[in-house]
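The chain contents come next:
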Amino acid sequence: MKMRNILLALSVAAATVLTGCAKKQDASERVLNIVSPAEIKGYDPIMSDDLYSGREIAKIYEGLLAYHYLKMPYELIPNLAEAMPEVSKDGITYTFKIRKGVLFQDDAAFPNGKGREVEASDFVYSIKRLADSKNQASGWWILDGKLKGLNEWRDKNANLPVTNYDEEVEGLKALDKYTLQFKLAKPFPQFLYSLAMGFTSVVSKEVVAKYGKEFINHPVGTGPYVLPKFDQGKRIVYTKNPTFREKLYPSDASPEYQNLLGDAGKKLPLVDKVIVHVMVESQPAWLKFNKGEIDYFGVPKDNFATAVKDNKISGELADKGIVLTISPQLDVTYTSFNYDNKLFHNTNLRRAMYLAYDEAKANELFYNNTAFPAQSIVPPGIAGNDPAYKNQWKGPNIELAKKTLAAAGYPEGKGLPEIVYDIPDSTTSRQMGEYFQKQMEQIGIKIKISASPWPEFQAKLKKRSGQMFGIAWGADYPDAENFLQLFYGPNSAPGANSSNYNDPKFNKEFEQAVMMQDSPARTALYVKLNKYIAEEAVSLFGVHRQAYTLQQSWLRNYRASDLHHDNVQYLNLDTAKKEEMAKKF
């Protein structure tokens, strides 16, 4: 799911200039103010393939499973499921009991406007909707080929004027009102992870039917917050879902999170309202945070030197009670090619570009030297990453880059057409694009920069219309398969493989790996695949980032995480402390 803007690693919150004219908030109000540093494209779970939309969707929609908020390593737990599933001995059949009494949020789509109880058949409908080719779901890749009969159902209905949702699928059944059964087409040990992703969240067919194409702007889920209508504005205000079920803050935690158990056993969510300020540029948000009007925020690159000294928070911010959290992210930045364009089938061309690019300097310019060089796609901390491996094509080595470009058939860039490089539109994005442009100029490659707003940038990738692009990928789950699948041919756009890379040799071994249980043999195959795409210079792998997050002294229960898009329900505010500390801002 987690396509990320390559430039927004350090920004997790921001505020809009427009809010400066809004009514000043009462410090005693339990209102969480956070940021989205990218525009939100809407609230349809089956389209939640980018981090920013995914975070908003998770405030309203829920799935069968989730991650325990206070445990590491990440641990899957039941969410709308009553318990973890019964799994057959052959690992093919998964049977869930779903939680009773869970209600869809009240909406005009239901009789008398009252949300009804969620049933097992709602999950069947929601997953068929993900599979329905008419919907062109960006998340279909997570279940493509995984459930018995689902691909056949998809293909059969593709050419019919109306999709038949009543037709039974062998691998996806509601056995009764509260029992849901999945049968896999083949072993897939990562299957349960897919049930904690936004793509498989439960939706109501009545709501989908009522709003049609406008469903994307009328979110109605089962989650902790409600948003009656999304208007694509710069300020999104969520309020508590009055019919949210009895869900409690966790009462157990890993040793490193024992200090976050102060709200153990309390009913979620803990804050009454969440305001998300949508802002692409970071500087106004930084000013807002420094006024105490944002509750947590990633340090912008241009403010890093004044905010952080020797990996510690500066004295001025510390005097305000602000706390710094530093955490490695399970992600990778990369510059990639659209392999639909045969120009990029030239391995020496790709290697020459990689050799010309000075990633160390980019790390200094854009990440304040806080990121870790990426040798390939799998980040450190995940089985499949070999810490000893060094990618021989990672630059800078200008002389070798020139020789390799000549070997590609383009000495000094002669005969090579200008290449369009797509980026999301923001000040920092343009800076990074111009840096890439200058790096390529050193060996005679001409780059033209094309900037688009984040939703349009994503749409270009889905339509396979670009040539090159810069992007980042964050883990959906802690398994190398989630990174390696970015280059698996059948996952090509509109799936997660935006590069449209399709190498039969890689595909075959990837398919072998994903059916294997966690074992030394599977790890060895992951390592092999990870090195293969590095040696082929399939993409120009950049860095694995660290999050430097500042939080106000009154914010409680915050923890850095790559997987908890639903984190706001656990956050709390000490309103008395906020009122006291506000005098220092």
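- Under the heading Subcellular location (unreviewed entry), UniProt records this for the protein chain: "Cell envelope".
- Quoted verbatim from the Sequence similarities (unreviewed entry) field of UniProt, the annotation for the protein chain is "Belongs to the bacterial solute-binding protein 5 family."

1. What to know about helix 15 (residues 504-514)
Thinking step 1. Those residues of helix 15 lying buried are Phe 506, Asn 507, Glu 509, Phe 510, Ala 513 and Val 514.
Thinking step 2. Contacts made by the buried residues of helix 15 are with helix 14 (481-484) and helix 16 (520-535).

2. Digging into the layout of surface pockets
Thinking step 1. The computed volume of the largest pocket comes to approximately 980 Å³.
Thinking step 2. In this structure, the largest pocket is lined by 32 residues; those nearest its centre are Met 47, Asn 135, Gln 136, Ala 137 and Ser 138.
Thinking step 3. If you list the elements that add at least two residues to the lining of the largest pocket, you get helix 3 (150-158) and helix 13 (454-462).
Thinking step 4. Element by element, the count of residues in the lining of the largest pocket is highest for helix 13, at four residues.
Thinking step 5. Within the lining of the largest pocket, the residues separate by chemical class into 11 nonpolar, nine polar and 12 charged.
Thinking step 6. Domain assignment of the residues forming the lining of the largest pocket places at least three in each of domain 1 (41-217) and domain 2 (328-545).

3. So, the packing of helix 10 (residues 359-367) against helix 12 (residues 427-441)
Thinking step 1. Contact geometry of helix 10 with helix 12 gives a least axis separation of 11 Å together with a crossing angle of 160°. In terms of their interaxial angle, helix 10 and helix 12 are classed as roughly antiparallel. Handedness of the helix 10/helix 12 crossing: right-handed. On helix 12, the residues touching Lys 361, Ala 362, Leu 365, Phe 366 and Tyr 367 of helix 10 are Thr 428, Gln 431, Met 432 and Tyr 435.
Thinking step 2. Its residues assigned to classes, the contact of helix 10 with helix 12 shows six nonpolar, two polar and one charged.

4. Re the sheet that holds strand 23 (residues 546-551)
Thinking step 1. Here three strands make up an open sheet; going across it, the order is 12-23-15 and the pairing antiparallel. Edge positions in the sheet fall to strand 12 (296-298) and strand 15 (323-328), since each of these pairs with one other strand and no more. Sheet twist, expressed as the mean angle between neighbouring strand axes with direction ignored, is 25°.
Thinking step 2. Direction of pairing for strand 15 relative to strand 23: antiparallel, over a ladder of six bridges. If you follow Thr 325 over to strand 23, its bridge partner there is Thr 549.
Thinking step 3. Sitting on the sheet, helix 6 (residues 283-290) touches strand 12 and strand 23, and the angle it makes with strand 12 is about 145°.

5. What about the environment of Glu 434?
Thinking step 1. Along the polypeptide, Glu 434 turns up in helix 12.
Thinking step 2. Taking the C-alpha atoms as reference, Glu 434 lies 48 Å from Val 124; in sequence the two are 310 residues apart.

6. Digging into the packing of aromatic side chains
Thinking step 1. One pass over the full model with this rule turns up 34 aromatic pairs.
Thinking step 2. Taking the centre distance of 4.9 Å and the plane angle of 70° together, the rings of Tyr 43 and Phe 230 count as edge-to-face. You can see Tyr 43 sitting in the loop between strand 2 (31-36) and helix 1 (51-57) and its partner Phe 230 sitting in the loop between strand 9 (225-226) and strand 10 (235-240), a full 187 residues away along the chain. For the pair Tyr 43 and Phe 230, a shared accessibility class is recorded, and that class is buried.
Thinking step 3. On the numbers, 5.5 Å between centres and 80° between planes, the contact of Tyr 357 with Tyr 435 is edge-to-face.

7. Considerations on the side chain of Thr 370
Thinking step 1. Topologically, Thr 370 is positioned in the loop between helix 10 and strand 17 (372-373).
Thinking step 2. Excluding anything up to four places from it in sequence, Thr 370 contacts Phe 304, Asn 363, Gln 546 and Tyr 548.

8. Points about the pairing of strand 2
Thinking step 1. Most of strand 2 sits out of view: six of its six residues are buried.
Thinking step 2. Neither face of strand 2 is exposed, since Val 31, Asn 33 and Val 35 on one face and Leu 32, Ile 34 and Ser 36 on the opposite face are all buried.
Thinking step 3. Two elements, strand 2 and strand 11 (residues 273-278), share six bridges in a ladder whose sense is parallel. For Asn 33, the partnering residue across the bridge sits in strand 11 and is Ile 275.

9. Points about unusual backbone geometry
Thinking step 1. In the segment running from Met 72 into Pro 73, the intervening peptide bond is cis, with an omega of -5°.
Thinking step 2. Along the chain, Pro 73 turns up in the loop between strand 3 (65-67) and strand 4 (76-78).
Thinking step 3. Of note, the bond from Ala 493 into Pro 494 is cis; its omega dihedral lies within 30 degrees of zero at 15°.
Thinking step 4. Looking at where Pro 494 falls in the secondary structure, it is placed in the loop between helix 14 and helix 15.
Thinking step 5. The residue Glu 412 is not glycine, and still its phi comes out positive at about 55°.
Thinking step 6. Summarising the element assignment, Glu 412 is placed in the loop between helix 11 (398-407) and strand 18 (419-424).
Thinking step 7. Unusually for a residue other than glycine, Asn 500 sits at a positive phi of about 60°.
Thinking step 8. Inspection of the secondary structure assignment puts Asn 500 in the loop between helix 14 and helix 15.

Procedures and definitions
Residues numbered from 1 in each chain as written. Predicted model: local features only at pLDDT ≥ 70, side-chain atom pairs only at ≥ 80, totals over all residues. Heavy atoms only, no water. UniProt positions renumbered as here; feature names shortened; annotations may be inferred. Buried < 20%, exposed > 50% of the residue type's maximum accessible area, 1.4 Å probe, protein only. Helix = DSSP H or I, 4+ residues; strand = E, 2+ residues; numbered from the N terminus. Contact = heavy atoms within 4.5 Å. 1 Å grid on protein atoms, 1.4 Å probe; cavity = no way out; pocket = protein on both sides within 12 Å on 5 of 7 lines; lining within 4 Å. Points joined across faces, edges and corners; volume = space filled by probe spheres on them. Nonpolar A, V, L, I, M, F, W, Y, C, P; charged D, E, K, R; others polar. Domains from an automatic or database assignment. Axes fitted to C-alpha atoms, helices over the stretch in contact; angles between N-to-C directions. Parallel < 35°, antiparallel > 145°, perpendicular 65-115°, else oblique. Left-handed = near helix turned anticlockwise from the far one by under 90°. Pairing = 2+ DSSP bridges. Phe/Tyr/Trp six-rings, centres within 6.5 Å; stacked < 30°, edge-to-face > 60°.

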